[in-house]
Amino acid sequence: MCGLWASIGGTLEAQTKSVISALAAISHRGPDGQNSCIIETPSGPLTLGHSRLAIYDLSDLGVQPMSLGPLTIVFNGAIYNFRQIRQDLEAIGYTFSTETDTEVLLAAWMQWGYEAIPRLDGMFAFVIYDQRTTSLWLARDRFGEKPLHITETAKGLAVASEIVALQEAGYLESAQLNKTVARRFLDYGIVEMGEDTFYSEVSRLPAGGLRAYELGADGPKLLLDKSWAEGEENWSEVNVMALPDARLSLRTALENSVRLRQVADVTVGACLSGGLDSSAIVRLVANQRGETTRPLQCFCAVFDDTDLSGDSISEREYVEQVVAQGGLDLTYVTLVEDEAISLIDTLLIRQGEPFASLSILAQYKVFQTAAAAGVSVMLDGQGADELFGGYEDCFGPWLATLLHTGGVKAWLEAAQGLSKNIKGLSLVGLAKATFNSAFPEKLRRRIAWLRGRWPPKTQVTSSEFEVIAPSLAKGTAIEKHLNTLVAKTSLPSLLRYEDRNAMAFGIESRLPFLSKEVVEVANAIPAHLKIRNGWTKAVLRDALVEILPTGILERRRKLSFVTPQDKWMRKNLGAWAVKTIQLNQRRLSAMVDWTKVTRLLASVGEDPETNSAIFRLACLARWCELHDIVA
């Protein structure tokens, strides 16, 4: 896991200055050294830079940029199955001089070209220059765990792990806000979707993206721009996998994934939240390690507090059940309101773009504490909720699917089970959720408008209703919803937060639920096994019956690094948000309806929905202020 840089255009002197500034800006991603090279091409000097976090082969043999014959690479990420790929390549005559996954990736590219990518089980973003064809290749992993940002300005083409590198290298001297992205953030809380960023001048290579440029005498020319992962996940195909097969296949895939993600030449730890996903990972690790090695170091953010309804938001009770089974060394992390406010600017800088809530600040503190304890790799549970239906907003699509396939009786039985077992759910509320999932968004919006319920009170932009359409054209309502969570809304945002928070402290974060094998199994499991009898992630619970405490398996309420943000919005955090918004009225006035904003601010602290909308607006305002951007 590292930070990378590539640029072409301008003079050799300008390129040299750019790479020095860029690598300094992302030195936190690679605290183990920096290196660069300049290659003469028909388009001018190509600069490749790398800030290294050494995980495999800690010697200088792992330094990048790394070359193999005509190929030169800068690579950010980890190829977990690199040893198996290495064996395959050795069997056809390749030899290796390092113990790195980088060298294996280069050899795989030499042998198979970009067709090597589907063989990889890992997270990655890389840039390869091929001298044979004077071409520059960019690629990103299937889910976008690792970032790759691109800009083309008068200075030339530049690629970087983080936007701050582009800023410090002088590529964003007159940056403009991407208002479409900003409105989507304010209205829906979406921070990352597709190629767009909060900067009009910066795009990101999409998850699963593959792009190539020919570096000719007339400058870089786009040769190829596609998804290498297209067709890899057939979301519309529902396999009739029976429950026993699904349980066994999922358990085996998870065990294999966790085992591979423990391989490192540095200390491996884990995030632990007390929920099903992270608990599963740490217990699998503890079982695989046995009693012959030191306990796994785990880190948990805990807030012994309640939400606005009086319900506890503390994870302590559940975390202690997992730790009591042995093999774990736990460190608790927390923070108070004033500390949280004081860290918002720091987090905005490290994230590079606005964020939707302070829950990621709890995660930031977890990684900070882990780094101080000498941990360089952390396992985490991102992806399980999106793959297996772990969110309450899955109930509507699931019930809509049941209504379509099984009729009213099936719907009523399922809805009664949910309302009986989960606090806060009623048959009326579930009926509304079913309606919202069964009919097109435009129709629902029209009905809400006729009833005087559109736009919602929290919408402060003047934008039209946007349909966040699923990328799946066919399939049931629940299949479409899960696909949207994975590809467009939930998971991309969480992966951005995870990467920036971990890399802020030079930590490689690994996500076992996003392994190729686990995802293939998840896609083959029918939706009725994922949500069943009032249980979310039912098949995952089934697969983990033998390793998790009953209290975790039967836990229904999801928290996920939750902070007392709603309570804080009634106090100092709310005051900070209101002041920040008011001070930046000039920056935001072209994009928001200030009458709506004023009305919203008068309700600060009243309810979670209002608080979230105000926080997002304040976060965007402060980000614009830090970067001197006017909407």
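In short, a report on the structure. No experiment lies behind these values; they were computed from the predicted model shown.

Let us now look at the packing of aromatic side chains. By the definition in use, this model includes 14 aromatic pairs. Ring centres of phenylalanine 303 and tryptophan 568 lie 6.4 Å apart, and the angle between their planes is 80°; on these two criteria the pair is classed as edge-to-face. Remark: tryptophan 568 occurs in helix α22 (residues 565-568) and phenylalanine 303 occurs in the loop between β14 (296-301) and α8 (316-323); sequence separation between them is 265 residues. When its relative accessible area of 7% is taken as the criterion, tryptophan 568 is described as buried. With centroids separated by 6.1 Å and ring planes inclined at 45°, the aromatic side chains of phenylalanine 355 and phenylalanine 615 adopt a geometry described as tilted. Taken together, the positions of phenylalanine 355 in the loop between α10 (344-351) and α11 (359-372) and phenylalanine 615 in helix α26 (residues 608-626) put the pair 260 residues apart, joining distant regions of the chain. Each member of the pair, phenylalanine 355 as well as phenylalanine 615, carries the same accessibility label: buried. Linked through ring pairs, Trp109, Tyr114, Phe124, Phe126, Trp137 and Trp228 together constitute an aromatic cluster. In this structure, lysine 155 is placed above the aromatic ring of tyrosine 171, and the distance from its NZ or CZ to the ring centre is 4.7 Å. If you follow arginine 316 out to its NZ or CZ, it ends over the ring of tyrosine 332, 4.5 Å from the centre.

All right, on to the pattern of salt bridges then. Counted under the stated rule, the structure contains 28 salt bridges. Its salt-bridge partner being aspartate 121, residue arginine 261 comes within 3.0 Å of it at the nearest N-O pair. A residue pair is termed long-range when its members are at least 10 positions apart, and arginine 261 in the loop between α6 (243-260) and β13 (268-271) and aspartate 121 in the loop between α3 (101-112) and β6 (122-130) qualify at 140 residues. Relative accessible area serves as the criterion here: at 1%, arginine 261 is assigned to the buried category. For aspartate 121, a relative accessible area of 11% puts it in the buried group. A salt bridge links arginine 251 to glutamate 255; the shortest N-O distance between them is 2.8 Å. Of this pair, arginine 251 and glutamate 255 both sit in helix α6, four residues apart, which is roughly one turn of the helix. Overall, arginine 251 belongs to the buried group, its relative accessible area being 16%.

Glancing now at the nonpolar core. In terms of nonpolar packing, the biggest core is built from 85 residues, with Phe126, Leu250, Phe388, Leu540 and Leu544 touching the most fellow members. The biggest single contributor to this core is helix α7 (residues 276-289), with seven residues. Setting aside residues up to four positions removed in sequence, leucine 540 forms contacts with Leu250, Leu254, Leu276, Asp277, Ala384, Phe388 and Phe513. Listed in part, the 81 residues of the second largest apolar core include Leu172, Ile341, Leu348 and Ala502.

Quick look at helix α18 (residues 516-524) now. Within the sequence span of α18, burial applies to Val518, Val519, Val521, Ala522, Asn523 and Ala524. Residues of α18 that are buried sit in contact with α6, α12 (384-388) and α19 (527-530).

Let us look at the sheet that holds β6. With respect to topology, six strands assemble into an open sheet ordered β4-β5-β6-β7-β11-β12, the strand pairing being antiparallel. Two strands close off the open sheet at either side, each with one partner strand: β4 (66-68) and β12 (219-227). Strand-to-strand, the axes of this sheet are offset by a mean angle of 20°, without reference to chain direction. Alignment of β4 against strand β5 (residues 71-79), held across three bridges, turns out to be antiparallel. Following the sheet pairing, serine 67 is matched in β5 by threonine 72. Here α3 sits on the sheet in contact with β4, β5, β6, β7 (135-140) and β11 (209-216), set at roughly 125° to β5.

Cut-off values and rules
- Residues numbered from 1 in each chain as written.
- Predicted model: local features only at pLDDT ≥ 70, side-chain atom pairs only at ≥ 80, totals over all residues.
- Heavy atoms only, no water.
- Phe/Tyr/Trp six-rings, centres within 6.5 Å; stacked < 30°, edge-to-face > 60°.
- Helix = DSSP H or I, 4+ residues; strand = E, 2+ residues; numbered from the N terminus.
- Buried < 20%, exposed > 50% of the residue type's maximum accessible area, 1.4 Å probe, protein only.
- Lys NZ or Arg CZ within 6 Å of the ring centre and 35° of its normal.
- Salt bridge = Lys/Arg side-chain N within 4 Å of Asp/Glu carboxyl O.
- Core = buried A, V, L, I, M, F, W, Y, C linked by side-chain atoms within 4.5 Å.
- Contact = heavy atoms within 4.5 Å.
- Pairing = 2+ DSSP bridges.
- Axes fitted to C-alpha atoms, helices over the stretch in contact; angles between N-to-C directions.

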